[in-house]
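# Topology and contacts: notes
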Amino acid sequence: MAWENILLEIEDGIAVLTINRPKVLNALNAAVLAELDAAMDQLAADDQVRVIIITGAGEKSFVAGADIAFMSQLSPMEAKEFARKGQQVFSKIENLPKPVIAAINGFALGGGNELAMACDIRIASEKAKFGQPEVNLGLIAGFGGTQRLTRLVNPGMAKEILFTADMYDAETAHKIGLVNHVVPAEELMNFCKSMAKRIAARGPIAVRLSKEAVNDGLEMDLEKAFIHEADLFGLVFTTADRAEGIDAFLNKRKPEFKNK
């Protein structure tokens, strides 16, 4: 597929997807969401891809939010449909059967912060800035932000971020649990790729089921989550990768996982 709003590179089992609209700080519109949606389907189906990194083009912005000029033309019903599309695409990222790392190179505001929150792991450049500025425009977060933010940071902090529209630096984002790591700007992609390589070297089915256990368990009470975890633990014992991993450990060699 020919992409107009994203760049997609795949090497050594790692896909790097770049939102490529630097002139508008990589803002999200319907076309960008459609390409993200299609790209996720493609990457989910590609057995060679083990880990995905999402970032933004240029040095200023990861994604600075939804495209305000685009949204200014929407009717109430169209706005609802736009929000639902964003939620659907971001949920696809969140539930993709492969790990997704956000390489946050600059502004992650509004829909950009919501995109980052849909990823499994968030790595921020020390130059990154975070926030949900929607109330400045008389809007609310509509791509899942009111829900994912509350689950990532405590509800009181989530409400402060949503109500004030304040912008937060990378260190503050790390302190409140919004990002996993903060690294110098020039080291961001190398750091993310190094982590992606470590994940890609692990048992891919085990990684997928670990993600499933965490995501599903968040929506269950603890006892049901334990049962679900045990079910998945038993399921992984049916795989050739489990046999390979244990044999490699016992024989002190590097495992060669086949995703089977």
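A brief report on the enclosed structure follows. All figures in this text were calculated on a predicted structure; none of them were measured in a lab. (Residues numbered from 1 in each chain as written. Predicted model: local features only at pLDDT ≥ 70, side-chain atom pairs only at ≥ 80, totals over all residues. Heavy atoms only, no water.)

## So, the sheet that holds strand β6 (residues 107-109)
Two strands in a sheet stick together by hydrogen bonds in their backbones, pointing the same way (parallel) or opposite ways (antiparallel). Put simply, the rule reads: Being paired, for any two strands, means DSSP has found at least two bridges between them. Numbering of helices and strands runs from the N terminus, with a helix taken as a DSSP run of H or I at least four residues long and a strand as a DSSP run of E at least two residues long. We call two residues in contact when some of their heavy atoms are within 4.5 Å. Working convention: axes come from line fits to C-alpha atoms, limited for helices to the stretch in contact. Angles between N-to-C directions cover 0 to 180 degrees.
Taken in spatial order, the four strands make up an open sheet running β4-β6-β8-β9, and their pairing is mixed. Unpaired on one side and paired on the other, β4 (61-63) and β9 (168-169) mark the two borders of the sheet. Strand contacts of helix α4 (residues 111-118): β4, β6 and β8 (129-131), with the helix running at about 75 degrees to β4, the strand carrying the most contacts.

## Looking at unusual backbone geometry
Of note, Asn26 is a non-glycine position whose phi angle comes to about 65 degrees, a positive value. Backbone geometry at Asn259 places phi at a positive 60 degrees, although glycine is not the residue there. Mapped onto the fold, Asn259 is located in the segment after α11 (240-250).

## Re the side chain of Glu244
Quick note on the threshold: Working definition: with a 1.4 Å probe on protein chains only, accessible area under 20% of the residue-type maximum means buried, over 50% means exposed, and in between means partly exposed.
Tracing the backbone through its elements, the reader meets Glu244 in helix α11. A relative accessible area of 18% places Glu244 in the buried class. Aside from chain neighbours lying at most four places away, what touches Glu244 is Arg253, Lys254, Pro255 and Glu256.

## Details of the packing of helix α9 (residues 204-217) against helix α10 (residues 222-236)
Definition in use: The labels follow the angle: roughly parallel below 35 degrees, roughly antiparallel above 145, roughly perpendicular from 65 to 115, and oblique for the rest. In this scheme, a crossing is called left-handed if the near helix is turned counterclockwise away from the far one by less than a right angle; it is called right-handed if the turn is clockwise. Polarity classes work like this: nonpolar for Ala, Val, Leu, Ile, Met, Phe, Trp, Tyr, Cys and Pro, charged for Asp, Glu, Lys and Arg, and polar for all others, with Gly in that last group.
Where α9 meets α10, the axes come as close as 10 Å, and the angle between the chain directions of the two elements is 165 degrees. By the angle between their axes, α9 is roughly antiparallel relative to α10. Helix-helix and strand crossings are classified by hand; for α9 and α10 the assignment is right-handed. Contacts from Ala206, Leu209, Glu212, Ala213, Asp216 and Gly217 of α9 reach α10 at Ala225, His228, Leu232, Leu235 and Val236. Counted by class, the contact of α9 with α10 contains seven nonpolar, two polar and two charged residues.

## Points about the state of the cysteines
We count it as follows: When two cysteine sulfur atoms are found within 2.5 Å, that pair is recorded as a disulfide.
For the structure shown, the criterion picks out zero disulfides. For the unlinked cysteine Cys119, the closest cysteine sulfur is that of Cys192, found at 10 Å.

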